[in-house]
Amino acid sequence: MDYRDHHVVVTGGTGALGSAVIAALLEQGAICHVPTIDKREVERFPHRSHDRVRLVEISTLADEGEVARFHATVPHLWASIHIAGGFAMAPLAETTKAALMAQLEMNLVRGRRSSRGSAPVWRHTP
């Protein structure tokens, strides 16, 4: 697929999976916009100096206003890929409601916020 000059948001783009997704997008010509939270991840991020990677420091993906402000900086948003999240494993009998709710917040709710943040700026062109 040709992503040449298409603007793509990738949350979690500086992580291990995100770095691989960014590499694939760059190979196809995309311009990647990546919200960053962890400076250590940015230092390890192999594409941080690429001319088609836009790293934007934010404090959290948990704040709808901050997510919306980030998305407003992306010109002609073409796609939005949400990889940010985490995982915690424990036997079912040892998994508390608090642990479950933390996983839902980290993965489902933040992914939804990021998707919602991209909706007002969506500029899809066929």
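Predicted model, so just to flag it, every value in this text is computed and none were measured.

Could you clarify how one ought to interpret the sheet that holds strand β3 (residues 53-57) in this entry?
With parallel pairing, four strands are arranged side by side in an open sheet as β3-β2-β1-β4. Edge positions in the sheet fall to β3 and β4 (77-82), since each of these pairs with one other strand and no more. Each adjacent strand pair in this sheet contributes to an overall mean axis angle of 20°, direction not counted. The sheet contact formed by strand β1 (residues 7-11) and β4 spans five bridges and is parallel.

Looking at this structure, I do not really get the side chain of H33. What am I missing?
Looking at the secondary structure, you find H33 in strand β2 (residues 31-36). Look at H33 and you get buried, because its relative accessible area is 5%. Each residue touching H33, except ones within four places of it in the same chain, is listed here: H7, V8, V9, V10, R54, F70, V74 and P75.

Hey, could you run me through the packing of aromatic side chains in this one?
Within a pair of aromatic rings, the relevant descriptors are the distance that separates the centres and the angle that separates the planes. Inspection of every chain in the model, using the stated rule, returns one aromatic pair. Here Y3 and W78 contribute two aromatic rings whose centre-to-centre distance is 4.9 Å and whose plane-to-plane angle is 70°, an arrangement assigned as edge-to-face. Here W78 lies in strand β4 and Y3 lies in the segment before β1, a separation of 75 residues in the sequence. Residue class for Y3 comes out buried when judged on its relative accessible area of 17%.

Sorry, what's going on with helix α1 (residues 16-27) here?
Residue pairs three or four apart in sequence face the same way in an α-helix, which turns once every 3.6 residues. Look at α1: 17 Å from first C-alpha to last across twelve residues, which is about the 16 Å you get at 1.5 Å a residue. Buried-residue contacts for α1 involve β1, β2, β3 and β4. Looking one or two residues beyond α1, the residue adopting positive phi is G29, at roughly 95°.

Analysis parameters
Residues numbered from 1 in each chain as written. Predicted model: local features only at pLDDT ≥ 70, side-chain atom pairs only at ≥ 80, totals over all residues. Heavy atoms only, no water. Pairing = 2+ DSSP bridges. Helix = DSSP H or I, 4+ residues; strand = E, 2+ residues; numbered from the N terminus. Axes fitted to C-alpha atoms, helices over the stretch in contact; angles between N-to-C directions. Buried < 20%, exposed > 50% of the residue type's maximum accessible area, 1.4 Å probe, protein only. Contact = heavy atoms within 4.5 Å. Phe/Tyr/Trp six-rings, centres within 6.5 Å; stacked < 30°, edge-to-face > 60°. Expected span 1.5 Å × (residues − 1).

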